[in-house]
Amino acid sequence: MSLFQRFKSFLSGLALLALAVLLFLVPEEGYFAVAVILGVLLFVYGFRLLWFYFTMSRHMVGGRATLYQAVLVLDVALFTSSVALMNHMVILIYLLGVFAFTGFVDILRAFEAKKIGAPNWKWKLLTGLVIVALTVLLVIFGAIRGETEVLVYGYCISLVISGAMRIVSAFRKTAMVYIQ
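About the criteria used
- Residues numbered from 1 in each chain as written.
- Predicted model: local features only at pLDDT ≥ 70, side-chain atom pairs only at ≥ 80, totals over all residues.
- Heavy atoms only, no water.
- Core = buried A, V, L, I, M, F, W, Y, C linked by side-chain atoms within 4.5 Å.
- Buried < 20%, exposed > 50% of the residue type's maximum accessible area, 1.4 Å probe, protein only.
- Helix = DSSP H or I, 4+ residues; strand = E, 2+ residues; numbered from the N terminus.
- Axes fitted to C-alpha atoms, helices over the stretch in contact; angles between N-to-C directions.
- Parallel < 35°, antiparallel > 145°, perpendicular 65-115°, else oblique.
- Left-handed = near helix turned anticlockwise from the far one by under 90°.
- Contact = heavy atoms within 4.5 Å.
- Nonpolar A, V, L, I, M, F, W, Y, C, P; charged D, E, K, R; others polar.

A. Broad picture of the nonpolar core. Counting residues in each nonpolar core, the largest one holds 23 residues, and the members touching the most others are L23, L95, L151, Y155 and L159. Contributions of two or more residues to this core are made by α1 (3-25), α2 (27-55), α4 (88-116), α5 (121-143) and α6 (148-171). Here this core gets 7 residues from one element, more than from any other, and that element is α4. Of all hydrophobic cores here, the second largest spans 7 residues; its members include L49, V73, L74 and A77.

B. Focus on the packing of α4 against α6. Running from N to C, α4 and α6 cross one another at 30°; their axes reach a closest spacing of 10 Å. Between α4 and α6, the interaxial angle falls into the category roughly parallel. Crossing geometry of α4 relative to α6 is assigned as left-handed. Between α4 and α6, the residues in contact are H88, M89, L92, L95, L96 and F99 and T148, L151, V152, Y155, S158 and S162, respectively. In terms of residue class, the contact of α4 with α6 is made up of 8 nonpolar, 4 polar and no charged.

C. Quick peek at the environment of L126. Position of L126 relative to the elements: it lies in helix α5. Look at L126 and you get partly exposed, because its relative accessible area is 46%. Taking the C-alpha atoms as reference, L126 lies 28 Å from E147; in sequence the two are 21 residues apart.

D. Spatial organisation of the environment of A110. Structurally, the position occupied by A110 is in helix α4. A relative accessible area of 0% places A110 in the buried class. Residues A110 and A70 lie 40 residues apart in sequence; the distance between their C-alpha atoms is 25 Å. Excluding its chain neighbours within four sequence positions, the residues that come into contact with A110 are W121, K124 and L125.

Structural measurements only, silent on function.
In structure tokens form, the structure reads like this:
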């Protein structure tokens, strides 16, 4: 990881922590802000993938997969933007679903890292399991009871976990491979 990537990871971790504090202070309107921010970030990522496809990836082997990924991300961004205008319970369930999906991806990445012999696969597996377990608990206690504040506070906890993980990864020493 380069110095700029470390700095970017640290800043994104701080931004997630600041967003968690903001949501914790204003839980009744925070879910709308999260849905809007998530939609905008997905739009930016989708257009970045499209730009990459049109400038470079279309000339590469398997470059069409980048186009498919860009279209899929833009579709999810449109769906997220439309969800932002719905009922607050639908927004919170959708955000928790996105959070659970990231937990499942972390679990799958941990198993992949174990196959190739990476030393930090246990940490990835643990964080993925914690994220999925937290999401299940939030759905049980928040959605079934109908208490949106519990869901917002749980989402704040998930943002704190994600922000802390990014800050820790920014300061983690990476292995250097030298070719002689």
